[in-house]
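Summary of the model geometry
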Amino acid sequence: MLALLAVARRTRGRLQPLFEDVTVPQLVLLDAVQICGLEGIGAISTYTLLSQPTVTQQAASLESAGLLRRIPAEDDRRRRVLTLTERGEQLLAAKRGLVADRLSVAWRSLTAEEQAIAVPLLRHITDLVAELT
């Protein structure tokens, strides 16, 4: 598990030079907003394994940069939901492409058997790590 965490840190560090206009953690947050932003800060916090105050702080920064919007939820005007702006959607799509290009090299180095188990195994490990918190 410690080796996995170390690899994750190194991967983040190696990807950061690809993103001059956004950090890797901000990119993760934009991805989460696209996936579950309409469910609110709590859902994003759960999805990213970040605290709600961290998500709120980062969302404010991304909103100031014009990449997302925080708007009142339709069912409860006190609650905020998050959506990507057009600029945020474009940035996320472009950065996903860069990450996919880099990671595809590693993916192609796996055997067919390794590829077949890689995604389910990583999802399972992610779930296990989530339970540690």
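For the structure given in this document, a descriptive report is provided here. (Residues numbered from 1 in each chain as written. Predicted model: local features only at pLDDT ≥ 70, side-chain atom pairs only at ≥ 80, totals over all residues. Heavy atoms only, no water.)

**Regarding the pairing of strand S2 (residues 80–84)**
Filter applied, for reference: Buried residues are those whose accessible area, probed at 1.4 Å on protein chains only, stays under 20% of the maximum for their type, while exposed residues exceed 50% and partly exposed ones sit between those limits. What counts as a helix is a DSSP run of H or I of at least four residues, what counts as a strand is a run of E of at least two, and both are numbered from the N terminus. A pair of strands is labelled paired if DSSP reports no fewer than 2 bridges between them.
Counting buried residues in S2 gives four out of five residues, a clear majority hidden from the surface. In terms of strand pairing, strand S1 (residues 68–72) meets S2 through five bridges, oriented antiparallel. Each residue of the ladder has a partner; that of Leu68, found in S2, is Leu84.

**Structural notes on the packing of helix H2 (residues 24–36) against helix H4 (residues 52–64)**
Helix packing for two helices is described by the angle between their axes and how far apart those axes are. Basically, it comes down to this: Note on method: axes are straight lines fitted to C-alpha atoms, helices fitted across the in-contact stretch only, with angles between N-to-C directions ranging 0 to 180 degrees. With respect to orientation, any angle under 35 degrees is reported as roughly parallel, any angle over 145 as roughly antiparallel, any angle of 65 to 115 as roughly perpendicular, and every other angle as oblique. Two residues qualify as a contact provided that any one of their heavy atoms is within 4.5 Å of a heavy atom in the partner residue. Throughout this entry, Asp, Glu, Lys and Arg are counted as charged residues, while Ala, Val, Leu, Ile, Met, Phe, Trp, Tyr, Cys and Pro are counted as nonpolar. The remaining residues, Gly among them, count as polar.
H4 packs onto H2 with a crossing angle of 95° between their chain directions and a minimal axis gap of 11 Å. In terms of axis orientation, H2 runs roughly perpendicular to H4. Together, Gln26, Leu29 and Leu30 of H2 and Val55, Gln58, Ala59, Ser61 and Leu62 of H4 make up the contact between the two elements. Across the contact of H2 with H4, the residue classes tally to five nonpolar, three polar and no charged.

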